[in-house]
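# Observations on the three-dimensional arrangement
What follows is each chain in one-letter form.
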Amino acid sequence: RSWHVPEDAYLRDAMAGREIRRDQFTVSGCMSRIARKLRSGRFAFSELFDDRMSRAEVITMFMALLEMAKLNRLHVEQEAAYGEIYLSPYVPQKEE
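Residues numbered from 1 in each chain as written. Predicted model: local features only at pLDDT ≥ 70, side-chain atom pairs only at ≥ 80, totals over all residues. Heavy atoms only, no water.

### Some words on the sheet that holds strand β3 (residues 85–89)
Stated formally: The pairing criterion is simple: DSSP has to find at least two bridges between the two strands. Where helices and strands are cited, they refer to DSSP runs of H or I of at least four residues and of E of at least two residues respectively, numbered from the N terminus.
The strand order across the open sheet built from 3 strands is β1-β3-β2, with neighbouring strands paired in antiparallel fashion. Pairing within the sheet leaves two strands with one partner each, and these edge strands are β1 (43–44) and β2 (74–78). In this structure, β1 lies alongside β3, joined through 2 bridges in antiparallel fashion. Bridge pairing links Phe43 to Leu87 in β3.

Here's what the structure looks like:
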């Protein structure tokens, strides 16, 4: 004899007592945070992160960084392999 549990009942039981929270951060919000830091000039990539950040926030911050690089809003440089990565405001290069 097989038992069939309706999917809705399974999900309801699995989620009982769990709270679903909406993330407090977004890619656009993280882009704004990065842009504010860029106003002070060049800074180390590691300065974007701290031990209190959740995994989701770290991922969102990294996605924001990639999006800003794609949109030419910042310049990313690394002077040596495995060296610190630095972020600075994007300055278009003049054509010669």
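### What about the nonpolar core?
The nonpolar side chains of a soluble globular protein tend to be buried with one another. This is how the line gets drawn: Nine residue types can take part in a nonpolar core, namely buried Ala, Val, Leu, Ile, Met, Phe, Trp, Tyr and Cys, and a core is a set of them joined through side-chain atoms within 4.5 Å. In this scheme, a residue with accessible area under 20% of its type's maximum is buried, one over 50% is exposed, and one in between is partly exposed, where area comes from a 1.4 Å probe on protein chains only. The criterion used for residue contact is that any of the two residues' heavy atoms lie within 4.5 Å.
Core analysis: the biggest nonpolar cluster contains 15 residues, and Ile34, Leu38, Leu48, Leu74 and Leu87 have the highest contact counts within it. Of all the elements in the fold, those that place two or more residues in this core are α2 (27–38) and α3 (55–70). The residues contacting Leu87, other than those within four sequence positions of it, are Leu38, Gly41, Arg42, Phe43, Phe45, Leu48, Leu65, Leu74, His75 and Val76.

### A short note on α2
Quick note on the threshold: Here a helix's expected span is defined as the number of its residues, less one, multiplied by 1.5 Å. What the arc covers is the set of directions going from the helix axis to the C-beta atoms.
Taking 1.5 Å per residue as the helical rise, α2 with its 12 residues ought to reach 16 Å, and the 16 Å between its terminal C-alpha atoms agrees with that figure. For α2, the complete set of buried residues consists of Cys30, Met31, Ile34 and Leu38. Here the buried residues of α2 occupy an arc of 105° about the axis, which is enough to place them on one side. The secondary structure elements touched by the buried residues of α2 are β1, α3, β2 and β3.

### A look at unusual backbone geometry
Phi at Asn72 is positive, roughly 55°, even though this residue is not glycine. Tracing the backbone shows Asn72 in the loop between α3 and β2. With phi around 65°, Tyr82 is a residue other than glycine that occupies positive phi space. Topologically, Tyr82 is positioned in the loop between β2 and β3. For Tyr82, a relative accessible area of 85% corresponds to the exposed category.

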